[in-house]
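Coordinate inspection notes
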Amino acid sequence: MAVCIAVIAKENYPLYIRSVPTENELKFHYTVHTSLDVVDEKISAMGKAMVDQRELYLGLLYPTEDYKVYGYVTNSKVKFVMVVDSSNTALRDNEIRSMFRKLHNSYTDIMCNPFYNPGDRIHSRAFDNMVNSMMMQVC
């Protein structure tokens, strides 16, 4: 089950962060923040190796005892971080990829909104509903 989904700007500040158990929200903020170092390492390694630039999925960033942290980066260097409960062994890598694609498509819809200023925090009911459905469907 996805327990936290975050959208991080190019300058590494959160545009959106949502966690399911709200009593552990600070813990998830810390987890997302610490994962940004791993994201930057993977991005710089991809740039040096000249890997296919269309591959935006970074895969498993790091596992902890209770959670697994996955990453995704857009062409504009906006980062998506998803924290998944590690007790969920039925969740496959291709399902994580499709969840990130849905998240990216929804983020693209927000960016196409003429009333949204890029770089502002995301306050969209449609985006919230999509994230909530993603968190519930994985259960």
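The preceding data block contains the structure.
Calculation criteria
Per chain, residue numbering runs from 1 following the sequence as it is written. Local features are withheld for residues below a pLDDT of 70 in this predicted model, meaning they are given only at 70 or higher, and side-chain atom pairs are given and counted only at 80 or more; totals for whole chains, interfaces and linings count all residues. Excluding hydrogens and water, the side-chain figures rest on all heavy atoms present in the structure. Cavity means a closed set of points on a 1 Å grid over the protein atoms alone, one where a 1.4 Å probe fits but cannot get out, pocket means an open set with protein on both sides within 12 Å along at least 5 of 7 lines, and lining means a residue has an atom within 4 Å of a point. Grid points are joined across faces, edges and corners, and a volume is the space filled by probe spheres set on the points. Note on residue classes: Ala, Val, Leu, Ile, Met, Phe, Trp, Tyr, Cys and Pro are nonpolar, Asp, Glu, Lys and Arg are charged, and everything else, Gly too, is polar. The numbering of helices and of strands both runs from the N terminus, where a helix is a DSSP run of H or I of at least 4 residues and a strand a run of E of at least 2. Nitrogen and oxygen atoms within 3.5 Å of one another constitute a polar contact, given that in protein one can donate a hydrogen and the other can accept it, and given that sequence-neighbouring residues count only through two side-chain atoms. When checking whether two residues touch, look at their non-hydrogen atoms; a contact exists if any pair is within 4.5 Å. Strand pairing requires that DSSP identify at least two bridges connecting the strands. Every angle, taken between N-to-C directions, lies between 0 and 180 degrees, and every axis is a line fitted to C-alpha atoms, over only the stretch in contact when it is a helix. Relative accessibility under 20% of the residue-type maximum defines a buried residue, over 50% an exposed one, and the middle range a partly exposed one, all with a 1.4 Å probe and only protein chains included.

Quantified by volume, the largest pocket comes out at close to 150 Å³. Every residue lining the largest pocket is listed: Ala9, Lys10, Glu11, Tyr13, Leu15, Ser76, Val78, Tyr107, Met111, Pro118 and Gly119. Looking at the lining of the largest pocket residue by residue, the classes come out as seven nonpolar, two polar and two charged.

Attention now goes to the side chain of Thr31. Among the secondary structure elements, Thr31 is positioned in helix α1 (residues 25-49). Within polar-contact distance, the side chain of Thr31 engages the backbone oxygen of Lys27 at 2.9 Å. Beyond its immediate chain neighbours, meaning those up to four positions away, Thr31 contacts Tyr62, Val69 and Val83.

Once that is clear, we can look at the environment of Ala126. In this structure, Ala126 sits in helix α3 (residues 125-137). For the pair Ala126 and Asn24, spaced 102 residues apart in the sequence, the C-alpha separation amounts to 24 Å.

It is worth spelling out the sheet that holds strand β3 (residues 57-63) at this point. Reading across the sheet, the five strands line up as β2-β1-β5-β4-β3 and stay open at both edges, with antiparallel pairing between neighbours. Unpaired on one side and paired on the other, β2 (14-19) and β3 mark the two borders of the sheet. On average, adjacent strands in this sheet sit at an angle of 15° to one another, irrespective of strand direction. As defined by bridge partners, strand β1 (residues 2-8) adjoins β2 across five bridges and the pair is classed as antiparallel. Looking at the pairing, Ile5 lines up with Arg18 of β2. Taken strand by strand, helix α2 (residues 93-111) contacts β1, β2, β3, β4 (67-73) and β5 (79-85), and its axis lies near 140° from that of β5.

On to unusual backbone geometry. For Asn12, which is not glycine, the phi torsion reads 70° and is therefore positive. By the secondary structure assignment, Asn12 is in the loop between β1 and β2. Note on Asn12: relative accessible area 32%, which makes it partly exposed. Phi at Lys77 is positive, roughly 70°, even though this residue is not glycine. Relative to the assigned elements, Lys77 resides in the loop between β4 and β5.

Turning our attention to the pairing of β4. Most of β4 is tucked away, with six of its seven residues classed as buried. Both β3 and β4 contribute to a ladder of five bridges, which runs antiparallel. Counted as the bridge partner of Leu60 is Tyr70 from β4. Here β3 folds back onto β4, and the loop between the two strands holds three residues. Pairing geometry for β4 and β5, over seven bridges, is antiparallel. From the neighbouring strand, Lys68 faces β5, where its bridge partner is Val84.

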